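Residue-level structural notes
Residue-level listing of the chains:
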Amino acid sequence: MIGIVSDPVFMKHDTGGYHPESPLRIQYLHTLFAPKNDPGILILDPVPASVEDIELNHGRAYIGMVSRTASSESYVDLDPDTVCCPDSYHTALLAAGSLVELTRMALAGEIETGLACVRPPGHHARKNDAMGFCLFNNVAIAAAKAIQSFGVKRVAIIDFDVHHGNGTQESFYARDDVLYFSTHQYPFYPGTGAASETGAGEGKGYTVNCPMRGGKGDGQYAAVYSYILKPVIETFEPDLILVSAGFDAHAMDPIGGMQLSSRGFAAITSIIQDSAQEVGAPVVYALEGGYNLNALKESASCVIGALKGERAPAIDPLYFTELDTFINTHAQMWPLALRYV
Ligand SMILES: [Zn+2]
């Protein structure tokens, strides 16, 4: 059973008329689940996160500042890209809370996999700053909550959004119990995510960045996920995998410069699911970016197909020169995983 949170309430975070992170993203995705007639899918109601859960990843003063936008009369700009309307704070609590609840259910065996079709997205949100369309870091909050309250020792966060999840990386940079793996366009917004950023202190090696110049497509992504992600996950042996599922690496995306097809996302998902099965970890996906509405819907549909075990036509891994850099860099910390790649 796949547990999915998809609800028009996530359209209430109003970003204004011309913002790419638009409420229409949810409207398009929600058509995949209405009417609710798929016996393999359990549609769940959104639930708000408690402020205590948000505090697992964010400062009290910052949360208070976001909460005060709820009593403003109109839009409030929190950074040049990130805008709040009076409903944004509550919608952001629902986004984080829904992911936490899907995570709890997946760990309890109540669902096999989870997918949170929520907004605002989260992976750029820093401890004390909104950034890049993100208010609260949904995935980082769910990872912290799983360790604090759900008996989880190790979490792997996999981020295939076209942008580097700087906020998530920062949250766990010095920790060895949360591994952060990201494929992203580089150089690109937000500027972080070089392969040499591998963690600090006890967290050294537990940040695995695979930055790629624009133009990479299904074959190159299949190579990175098959040859780097899969062996690293199987060596790290997480109890839980959270995925920052952004769809802005799609060829049709107006912001990203990658060339993934919709079925390329299915291929990535299948590799993630295979890795998860090897280590017996449940996987919960959370929506991040993806700004071409039709591509977003089609890609999410492909991901759901892969979660149901529908096998997409195989995509052959395609060698490219940056792959050598990733293997050489990350084999220093993951020799058992990557020595023979
Ligand atoms: Zn993005």
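Look up: the structure comes first, before these words.
Along each chain, residue indices are assigned from 1 in the same order as the chain's sequence is written. Residue-level local features of this predicted model are given only where pLDDT is at least 70; pairs of side-chain atoms are given and counted only at 80 or more, and the full residue set underlies all totals for whole chains, interfaces and linings.

1. Focus: helix H9 (residues 293–307)
Selection criterion: Each helix corresponds to a stretch of at least 4 residues labelled H or I by DSSP, and each strand to a stretch of at least 2 residues labelled E; elements are numbered beginning at the N terminus. The length a helix should cover is 1.5 Å for every residue beyond the first. Once C-beta atoms are placed from the backbone, each residue is buried if 20 or more other C-beta atoms lie within 10 Å of its own, exposed if 12 or fewer, and partly exposed for counts between those two. Here, residue contact means that the backbone-derived C-beta atoms of the two residues sit within 7 Å.
Taking 1.5 Å per residue as the helical rise, H9 with its 15 residues ought to reach 21 Å, and the 21 Å between its terminal C-alpha atoms agrees with that figure. Along H9, the positions that sit buried rather than exposed are Ala295, Leu296, Lys297, Glu298, Ser299, Ala300, Cys302, Val303, Ile304, Ala306 and Leu307. Next to the buried residues of H9 lie strand S1 (2–6), helix H1 (24–30), strand S5 (113–117), strand S9 (240–245), helix H8 (262–279) and strand S10 (283–287). Of the residues flanking the end of H9, it is glycine 309, one or two places downstream, whose phi is positive at about 90 degrees.

2. Things to note about the sheet that holds strand S2 (residues 41–44)
Basically, it comes down to this: Only strands that DSSP links by at least two bridges are regarded as paired with each other. Axis definition: a line fit to C-alpha positions, over the contact stretch in the case of helices; interaxial angles, taken between N-to-C directions, run 0 to 180 degrees.
On the basis of which strands lie adjacent, the open sheet formed by 8 strands has the order S2-S1-S5-S10-S9-S6-S7-S8 and parallel pairing. Two strands in the sheet have a free side with no partner beyond their single neighbour: S2 and strand S8 (207–212). Going from strand to strand, the sheet's axes swing by 15 degrees on average, the running direction of each strand aside. Sheet topology places strand S7 (residues 178–185) next to S8; 6 bridges connect them, and they run parallel. Among the inter-strand pairings, threonine 183 is bridged to a residue of S8, identified as cysteine 210. Sitting on the sheet, helix H7 (residues 218–236) is in contact with strand S6 (155–159), S7 and S8, with an inclination near 175 degrees to S7.

3. Points about the packing of H8 against H9
Rules: Each crossing gets its handedness from the near helix: less than a right angle anticlockwise from the far helix is left-handed, clockwise is right-handed. Polarity classes work like this: nonpolar for Ala, Val, Leu, Ile, Met, Phe, Trp, Tyr, Cys and Pro, charged for Asp, Glu, Lys and Arg, and polar for all others, with Gly in that last group.
Two numbers describe how H8 lies on H9: the axes approach to 8 Å, and their chain directions differ by 30 degrees. Of the two elements, H8 crosses H9, and the hand of that crossing is right-handed. Here Ser262, Arg263, Phe265, Ala266, Thr269, Ser270 and Gln273 of H8 lie close against H9, whose contacting residues are Ala295, Glu298, Ser299, Cys302, Val303, Gly305, Ala306 and Leu307. Of the residues in the contact of H8 with H9, the class split is 7 nonpolar, 6 polar and 2 charged.

4. Observations concerning the pairing of S1
Note the following rule: Looking down the strands as they point away from you, a crossover is right-handed if its path from the first strand over the helix to the second goes clockwise.
Taken across its 5 residues, S1 has 4 buried, putting it largely inside the fold. Two strands pair when backbone bridges link them, and S1 and S2 are joined in this way by 4 bridges, in the parallel orientation. The residue of S2 that forms the bridge with valine 5 is leucine 44. Between S1 and its parallel partner S2, the chain crosses via H1, and the hand of that crossover is right-handed. Sheet analysis places S1 next to S5, joined by 5 bridges and oriented parallel.

5. Focus on the packing of H7 against H8
For the record, the criterion: Convention used here: angles under 35 degrees read as roughly parallel, angles over 145 as roughly antiparallel, angles from 65 to 115 as roughly perpendicular, and any remaining angle as oblique.
At a closest axis distance of 10 Å, the pairing of H7 and H8 adopts a crossing angle of 10 degrees. Relative to H8, H7 is oriented roughly parallel. In this structure, H7 crosses over H8, and the sense of that crossing is right-handed. Residues Asp218, Tyr221, Ala222, Tyr225, Ser226, Leu229, Lys230, Ile233 and Glu234 of H7 form the contact with H8, whose participating residues are Gly264, Ala267, Ile268, Ile271, Asp274, Ser275, Glu278 and Val279. Of the residues in the contact of H7 with H8, the class split is 9 nonpolar, 3 polar and 5 charged.

6. Quick notes on unusual backbone geometry
Residue proline 120 follows arginine 119 across a cis peptide bond; omega there is 0 degrees. Within the fold, proline 120 resides in the loop between S5 and helix H5 (138–149). Each neighbour pair has its own omega, and for tyrosine 189 with proline 190 the value is 5 degrees, a cis peptide bond. Tracing the chain through its elements places proline 190 in the loop between S7 and S8. The phi dihedral of phenylalanine 133 falls on the positive side, at around 75 degrees, and the residue is not glycine.

7. Remarks on the nonpolar core
The cut-off we apply is this: In this usage, the nonpolar core is the set of buried Ala, Val, Leu, Ile, Met, Phe, Trp, Tyr and Cys residues whose C-beta atoms join them within 7 Å.
The biggest cluster of nonpolar side chains holds 108 residues, and the ones touching the most others in it are Leu99, Ile157, Leu242 and Ala286. In terms of residues, this core owes the most to one element, helix H4 (residues 88–107), which gives 11 residues.

8. What about the environment of leucine 29?
In this fold, leucine 29 is placed in helix H1. Classification of leucine 29 as buried rests on a count of 24 C-beta atoms within 10 Å. For the pair leucine 29 and aspartate 7, spaced 22 residues apart in the sequence, the C-alpha separation amounts to 9.3 Å.

9. Structural notes on the pairing of S10
For S10, the tally of buried residues reaches 5 of 5 residues, placing the bulk of the element in the interior. A two-sided burial pattern is seen for S10, the buried positions comprising Val283, Tyr285 and Leu287 on one face and Val284 and Ala286 on the other. Of the pairings in the sheet, the one linking S5 to S10 comprises 4 bridges and is parallel in character. Residue pairing across strands places alanine 116 opposite alanine 286, the latter belonging to S10. Of the pairings in the sheet, the one linking S9 to S10 comprises 5 bridges and is parallel in character. Residue pairing in the sheet places leucine 242 in a bridge with valine 284 of S10. Regarding topology, H8 serves as the crossover connection from S9 to the parallel S10, and that connection is right-handed.

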